[in-house]
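Letter by letter, the chains look like this.
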Amino acid sequence: MKNCNLTLEIARWLSPELALRLSCEFSYAEQDPFAVTLVFDTGSECPVRWVLSRDMLADGLSALSGEGDVALWPLYDLPDGVASSFCLRLVNTSTALFEIPSEPVAQWLERTYAMVPQGTEMDGVNWDELSQLAD
């Protein structure tokens, strides 16, 4: 099974004027084709891990995506109306707001869709094996 990883420096907005730079690792594995995992602050003793829908992440690069505990939306801040970054809001016991560069994430997502094209995520499921696990 193949994996695809991307490590980026991103911003966690603590207030409208103050952002903390931290490392974030995006990972994708063929054996869990619907999900992407984000690990925030990978260099710390207590990294934070969130699992998101791959399609929701892709949608969030160009439009508001998600609801409830997770929301993503593009920041259209370039003169030609292109988003150079997108926001990711995560809510657990508190709210965290991250700003992430769009281009490297879009390129990384293209690689994940090359591994497992959208709409084919269930093609490799061994239903006999899963039904035996349920017994």
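Look up a bit, the structure's there.
What you see is a predicted model, and the numbers here were worked out from it, not measured in a lab.

Rules used in this analysis
Residues numbered from 1 in each chain as written. Predicted model: local features only at pLDDT ≥ 70, side-chain atom pairs only at ≥ 80, totals over all residues. Heavy atoms only, no water. Pairing = 2+ DSSP bridges. Helix = DSSP H or I, 4+ residues; strand = E, 2+ residues; numbered from the N terminus. Axes fitted to C-alpha atoms, helices over the stretch in contact; angles between N-to-C directions. Contact = heavy atoms within 4.5 Å.

Participant: How would you explain the sheet that holds strand 6 (residues 70–76) if you had to name every residue and give the values?
Facilitator: If you trace the 8 strands from one edge of the open sheet to the other, you get 4-3-2-1-8-7-6-5, paired in antiparallel fashion. The sheet is open, and its two edges are formed by strand 4 (48–53) and strand 5 (65–67), each paired on a single side. The average angle at which neighbouring strand axes cross in this sheet is 30°, direction not considered. Strand direction decides the pairing type here: strand 6 and strand 7 (residues 83–91), joined by 7 bridges, are antiparallel. Residue V70 lies in a different strand from strand 7, and its bridge partner there is L90. The strands touched by helix 2 (residues 102–115) are strand 1 (3–15), strand 2 (18–29), strand 3 (35–40), strand 7 and strand 8 (95–101); relative to strand 1, the strand with the most contacts, the crossing angle is about 150°.

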